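Working through the structure, step by step
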Amino acid sequence: MVRRNNFKTINPASGAIIMAVGIFLFAPINAFPFLHQVLGGILAAALGVVGVTIYQGLTRQFFDRNFLLPFLRNPINSFTMGTWIAGVSVLCNVIEKYYPATILVVQTIAAVNTLLWVVFLLSCAINFKELMARPTKHAIHGVVLLSTVATQSVVIAWINLYPFMPQSLISVVIGLGFIFYMCGVVLIIVRYGNEVEWTLADHWTNTNCIIHGALSITGLALVSANIGTSMFLMLFWLVVFLLLIVVESVEIIRAVKRIRRLGWKKGLFTYNISQWSRNFTFGMFYAFSMTMHDNPHYMNAMYNFHESFLAIWAWIVLIALILEMVLWVDSKWDIFNEKIKEKAI
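All values derive from a computational prediction rather than experimental measurement.

For the chain, the count of helices and strands is 13 helices and two strands. For a compact globule of 345 residues, the expected C-alpha radius of gyration is about 20 Å, and the chain comes in at 20 Å, within 12% of that figure. Dimensions along the principal axes, computed over C-alpha positions, put the chain at roughly 60 × 50 × 45 Å. Out of the 345 residues belonging to the chain, those deemed buried represent 51%.

One finds V144, V149, F280 and F288 to be the most contacted residues of the largest nonpolar core, which totals 108 residues. Of the residues forming this core, the biggest block, eleven residues, is contributed by helix 4 (residues 81-98). What V149 contacts, discounting residues up to four positions off in sequence, is M19, A86, I210, A214, I217 and F280.

Right, let's get into the packing of aromatic side chains. By the definition in use, this model includes 28 aromatic pairs. Ring geometry for F62 versus F63: centroids 5.5 Å apart, planes at 85 degrees, classification edge-to-face. According to the relative accessible area criterion, F63 is exposed, its value standing at 70%. For the pair F67 and F71, a centre-to-centre distance of 5.2 Å together with 15 degrees between the ring planes defines the contact as stacked.

Turning to helix 4, a few remarks are in order. Over its 18 residues, helix 4 extends 26 Å from the first C-alpha to the last, a length consistent with the 26 Å expected when each residue adds 1.5 Å. The buried count for helix 4 comes to 16 of 18 residues, which makes it a mostly enclosed element.

About the thresholds
Residues numbered from 1 in each chain as written. Predicted model: local features only at pLDDT ≥ 70, side-chain atom pairs only at ≥ 80, totals over all residues. Heavy atoms only, no water. Helix = DSSP H or I, 4+ residues; strand = E, 2+ residues; numbered from the N terminus. Rg over C-alpha atoms; globule rule 2.2 N^0.38 Å. Buried < 20%, exposed > 50% of the residue type's maximum accessible area, 1.4 Å probe, protein only. Core = buried A, V, L, I, M, F, W, Y, C linked by side-chain atoms within 4.5 Å. Contact = heavy atoms within 4.5 Å. Phe/Tyr/Trp six-rings, centres within 6.5 Å; stacked < 30°, edge-to-face > 60°. Expected span 1.5 Å × (residues − 1).

See below:
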């Protein structure tokens, strides 16, 4: 946090924290009965408190001209507004899951979030127009795909909270989210394809995992809306699964290169807020797979494989989330360096 004008400013991407923890409480936690049945309600309430704290700060910053104008004028960083929208959408779904009696409050919050999404759509249109006109001027990365994530998160919230929402509107908005995805992917390919001097260790960003995460949330929106045939969704899931393997394989290679150059601490185990995007994408792929697996309309030849996969992937999501929390704690209190100093003494 940075202090400005007598109040602390927080990273505009802080909504990613709510997204990452929220999606775990929404889906993967179901694989852990103790966490789900005993601690689920407490964790959901705690996330609500954290969410109020983060969004209070973001709202205050949003109406601060010194923050807002430079933020909106940056055609890359302004896409982080998508974390605000997706975070609220996920939080609404989590609160409704554990506290269904709060449905009216949650619906009101989701309605306000929809208005913010409309503003975000305008920002996305302006930014995509600028980036398409001069794609090599900016270091484009996966953050632009938050346009898709935010859009599909709003759709999923509509489906869960407003059963009267017209199917035609839901289909159109899902399609809009996919158009954003195609635009974003093209821009990322152009960036890395035309940039001569770039290295995996220095220029590949954490947010590029949204390449598969944005498709996962699109798949969840499709399944939640019962759109598409069983065969189509099975093929769609396979595409997302393949992208996940490819992108995360690149991440492993990148991690090895960074460790060799910087060591374990600086190369891999140093906290950065963009790392929460990986936790979100992992959790979202679980949510997509679980919802598809539980929906009789989409049962297919991979049903048994999904059963085994979900059992394993739930642990990966949990371990990755715990690790990220540990890194966050270390960034605040430097616990690992303290332990190293004690051993040296």
